[in-house]
Amino acid sequence: MNAPTSAKVLAPTVKLLINGQMVESKTTQWRDVVNPATQEVLARVPFATPDEVNAAVANAKQAFKTWKKTPIGARARIFLKLQQLIRENMKELAALLTAEQGKTLPDAEGDVFRGLEVVEHAASIGNLQLGELANNVANGVDTYTLNQPLGVCAGITPFNFPAMIPLWMFPMAIATGNTFILKPSEQDPIVTMRLAELALEAGVPPGVLNVIHGGEDVVNAICDHPDIKAISFVGSTKVGTHVYNRASLNGKRVQCMMGAKNHAIVMPDANKEQSLNALLGAAFGAAGQRCMAVSVAVLVGEARNWIPDLVAKSKTLKVNGGTEPGTDVGPLVSCAALSRVEGLIERGLADGATLELDGRKPEVAGYAKGNFVGPTIFSGVKPGMSIYEQEVFGPVLCLVAAEDIDQAIEFINANPNGNGTAIFTQSGAAARKFQEEIDVGQVGINVPIPVPVPLFSFTGSRASKLGDLGPYGKQVVMFYTQTKTITARWFDDSTTSHGVNTTISLK
Ligand code: NAD
């Protein structure tokens, strides 16, 4: 949030999207969007004023009057077009994403692609937003349901998936007949705005999708606004809990997908090569800045002897700018994130964990100012240590040991988070025991990051989630609609009249 200086005035400004127009904010509060590999200022993002937030909501409310009546096929065709536009612009989207977020170009394409899958899903809304019908529930009486849109809905997104997570939200909200206010992360809003432009090009009408930028004040205004009916939030547990409480008290429907501490069990019968590769990809990919990153590996029995192999493999990973071919680990998103992660590594040492691999201050030629931390591994990690209790959100893998699968499951279930978990094993019996007994919402069996495809819903649980229904899949259709139950009887001349009925039964 810096006052503009003459140097910063040169950086382009990120626009607000209100009523189908990209508009310049009138705010006096701006923040730089910075390339985390070079510290180059890419743009300035506004913190929208209360009037701008109100204008976005008012336009969305007005647009809802006609959008809710738009035939479902017409809504679906917009998302058919949007998926095509995203495919055609994939390279450009990935380049924008890497520049402002830091992840490697192939991973940035993955970020866009996982969002694209939800756009494809939104295009099949005709099959998803079906009601139910029960015929002849009493004499001549039918009961059926309508799944009607709620009105103006809002989405608040984190920095770590600036394409995928906005695409989790607005396509399904709009496809179900709602209008939408999106509040992207102020750290990397550029690729999100490009997606919003493509949505307009695909035919999303004015006012149906609006984008406002900002931080705490704008988020609070969204939580409080009486014309916003539902909020989807993805971000940290602290902010998500605040949003859930504040917006719920204001009578809104809220879903919050929040922080994590994801554990993977490595059984001694696992395919060693494949499992260790999968584990390290999930621990260090995107520099550990994924809500489904594996940050704790529980090594069971003989697998406890695999630490040297894990360290040796980790040393082969290349730390470099995200645009450099062959990069495995790019920079952390900001200087603040860098000092936070470095500080947690310090605390890990102070708390008595064994630093098997220290990734601090790697030399990265050509990127002297980048926010880099290389793969870092601690063994002997215990509950109570900061590196275990906190979500590090950096390339730091904690190793703990367990005698057997029962001990490993007990250990994971004692952790409050429930976003994702995985087991590596060749035993069907061990895998089945794990899927039955583990108290985590998304379970991988020899799959390190079990984020479901959009036919299913994202189902994080316990401290990683507030609200009952997840994003995308069948659950989100319920989230973005109100079920109305109709009980109907049509009289014709053959209907026998039973006179006045003063009981509650349907006769
Ligand atoms: P964050 O909570 O800092 O920010 C998320 C959003 O909240 C942003 O739009 C931000 O502007 C806003 N915000 C920040 N501080 C606020 C405040 N004090 N009051 C109101 N609003 C505020 O999260 P982040 O650092 O951008 O993202 C990383 C976090 O998101 C991690 O904890 C990660 O696990 C989580 N995450 C969860 C999932 C999931 O599906 N469970 C997915 C991705 C990320």
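Residues numbered from 1 in each chain as written. Predicted model: local features only at pLDDT ≥ 70, side-chain atom pairs only at ≥ 80, totals over all residues. Heavy atoms only, no water.

(A) View of empty space enclosed by the protein. Inspection of the entire model under this criterion finds three cavities of 30 Å³ or more. Space inside the largest cavity adds up to approximately 90 Å³. Considering the residues around the largest cavity, the lining is formed by 15 residues, among which G288, R290, A293, S295 and F393 are closest to the centre. Here the residues of the lining of the largest cavity are counted per class, giving eight nonpolar, four polar and three charged. Estimates place the volume of the second largest cavity at around 40 Å³. Around the second largest cavity, the lining residues are K261, H263, I412, N415, N417, G418, N419, G420, T421 and V440. Here the lining of the second largest cavity is built from residues that sort into two nonpolar, seven polar and one charged. (1 Å grid on protein atoms, 1.4 Å probe; cavity = no way out; pocket = protein on both sides within 12 Å on 5 of 7 lines; lining within 4 Å. Points joined across faces, edges and corners; volume = space filled by probe spheres on them. Nonpolar A, V, L, I, M, F, W, Y, C, P; charged D, E, K, R; others polar.)

(B) Structural context of the environment of T327. Topologically, T327 is positioned in the loop between α12 (307-315) and α13 (335-350). Residue classification places T327 among the buried residues on the basis of a relative accessible area of 10%. Through-space distance from the C-alpha of T327 to that of L317 is 7.7 Å; in sequence the pair is 10 residues apart. Those residues in contact with T327 that sit more than four places away from it in its chain are T104, K318, N320 and G321. (Helix = DSSP H or I, 4+ residues; strand = E, 2+ residues; numbered from the N terminus. Buried < 20%, exposed > 50% of the residue type's maximum accessible area, 1.4 Å probe, protein only. Contact = heavy atoms within 4.5 Å.)

(C) Structural detail: the side chain of K252. On the secondary structure map, K252 appears in the loop between α10 (237-249) and β11 (253-257). The buried charged residue K252 lacks any salt bridge, with D224 as its nearest oppositely charged partner at 7.0 Å. Engagement of the side chain of K252 in a polar contact is seen with the backbone oxygen of I228, the distance being 2.9 Å. Aside from chain neighbours lying at most four places away, what touches K252 is I222, C223, D224, H225, P226, I228, K229, I231 and A247. (Lys, Arg positive; Asp, Glu negative; His and termini not counted. Salt bridge = Lys/Arg side-chain N within 4 Å of Asp/Glu carboxyl O. Polar contact = N/O pair within 3.5 Å; in protein donor to acceptor, adjacent residues only side chain to side chain.)

(D) Representation of the site of the ligand within the structure. Near the ligand lie 27 residues; those nearest to it are T157, K183, E186, S236 and E391. In this structure, T157 approaches the ligand through a main-chain N or O atom, which is 2.8 Å from an oxygen atom. A distance of 2.6 Å is found between an oxygen atom of the ligand and a side-chain nitrogen or oxygen belonging to E186. Starting from 850 Å² of accessible surface for the ligand in isolation, the protein chains cover 87%. Its residues placed into classes, the shell around the ligand shows 15 nonpolar, eight polar and four charged. (Near = heavy atom within 4 Å. Areas by Shrake-Rupley, 256 points an atom, 1.4 Å probe, with all protein chains shown as cover.)

(E) Just the UniProt feature "domain: Aldehyde dehydrogenase" (unreviewed entry) in the chain, in detail. As recorded in UniProt, the sites labelled "domain: Aldehyde dehydrogenase" (unreviewed entry) are residues 24-486. Secondary structure across residues 24-486 divides into 40% helix and 21% strand, with the first and last C-alpha atoms of the span separated by 46 Å. (UniProt positions renumbered as here; feature names shortened; annotations may be inferred.)

(F) Summary view of a positive patch on the surface. On the surface, K65, K68, K69 and K484 cluster together into a patch of positive charge. As for its placement among the helices and strands, K484 is situated in strand β22 (residues 481-489). (Patch = residues over 30% accessible without salt bridge, like charges linked within 9 Å, V, L, I, M, F, W, Y side chains within 5 Å. Charge placed at Lys NZ, Arg CZ, Asp CG, Glu CD.)

(G) Layout of the layout of surface pockets. The calculated volume of the largest pocket comes to roughly 1100 Å³. Around the largest pocket, the lining comprises 38 residues; the ones closest to its centre are F159, Q187, G235, S236 and V239. The class makeup of the residues in the lining of the largest pocket is 18 nonpolar, 13 polar and seven charged. In terms of domain composition, the lining of the largest pocket takes at least three residues from each of domain 1 (16-258 + 473-486) and domain 2 (263-445). (Domains from an automatic or database assignment.)

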